[in-house]
Amino acid sequence: MSGAAPAFDDAKSAPADRAENGPLDESEANAVRPYVDLGGVKLVPREGMQLRLEIEEGTKRVVAVSLDLGGSTLQVQPFAAPRSAGLWNEIRAQIVEQVRSQGGETQERQGAFGPELVARIPVTGGAAGATRMARFIGVDGPRWFLRGVVAGEGAVDPAAAAAIDDVFRSIVVVRGSTPMPPRDLIPLQVPAGAQTAAGATGA
């Protein structure tokens, strides 16, 4: 054997039951289930869940989807990824550096989806010493990577975390067949009849 170090960094990181219990690829999802279609991701409507789209100022493109449920906020972004390699191990290391550069601290632990980061981040413009807690979760799927950032109750309370993790699991990623470089954001869109979709969460 040569002395080359094994390339652990690009291994895929996902729950063993991902293909059955999510987050799902479009090819694995139940076709007849009612979803809110946001382009790169589809969501299952839920009682009391509020949906917000984050729009980039200059381009007006949707860059993230935020979901509010029971005092927790989950922001999700789907990215293109290589077929055989994962992104989460590398991206986690970058998040640690980013939080550290802001004067925050992170702790890695095993969560429902595998390795996750719990971060204490200084609040800019807040009271001196004020911080907020956030959980960074990620799953490598077939040709995609889904990243989630949890804030509010779901970042600190185990029961709230389990509820918001269940929302993350229910997401379907629509990678599409268009060639895309790894790490490119899979295009997101405003759902048709957005008001209806948001209002129909109790249906």
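Below is a short write-up of the structure.

Reading the values: the criteria
Residues numbered from 1 in each chain as written. Predicted model: local features only at pLDDT ≥ 70, side-chain atom pairs only at ≥ 80, totals over all residues. Heavy atoms only, no water. Core = buried A, V, L, I, M, F, W, Y, C linked by side-chain atoms within 4.5 Å. Buried < 20%, exposed > 50% of the residue type's maximum accessible area, 1.4 Å probe, protein only. Helix = DSSP H or I, 4+ residues; strand = E, 2+ residues; numbered from the N terminus. Contact = heavy atoms within 4.5 Å. Pairing = 2+ DSSP bridges.

Attention now moves to the nonpolar core. Counting 24 residues, the largest nonpolar core has Val-65, Leu-74, Leu-146 and Phe-168 as the members making the most contacts within it. For this core, the secondary-structure elements that each account for two or more residues are strand 3 (41-43), strand 5 (62-69), strand 6 (72-80), strand 9 (131-141), strand 10 (144-152) and helix 3 (158-169). Counting residues per element, this core draws most heavily on strand 5, which supplies four residues. Sequence-distant contacts of Leu-74, defined by excluding residues within four places in its chain, comprise Val-65, Ser-66, Leu-67, Ile-137, Gly-148, Val-149, Val-150, Ile-164, Val-167 and Phe-168. One finds Phe-79, Leu-87, Trp-88 and Ala-119 within the second-largest nonpolar core, a separate group that totals 17 residues.

Moving on, we come to the pairing of strand 8 (residues 114-122). The buried count for strand 8 comes to seven of nine residues, which makes it a mostly enclosed element. With seven bridges joining them, strand 7 (residues 105-111) and strand 8 adopt antiparallel strand pairing. The residue of strand 8 that forms the bridge with Glu-105 is Arg-120. Here strand 8 pairs with strand 9 via six bridges, running antiparallel. Residue pairing for strand 9: Ala-119 is matched across the bridge by Ala-134.

These values are about where atoms sit, not about what they do.
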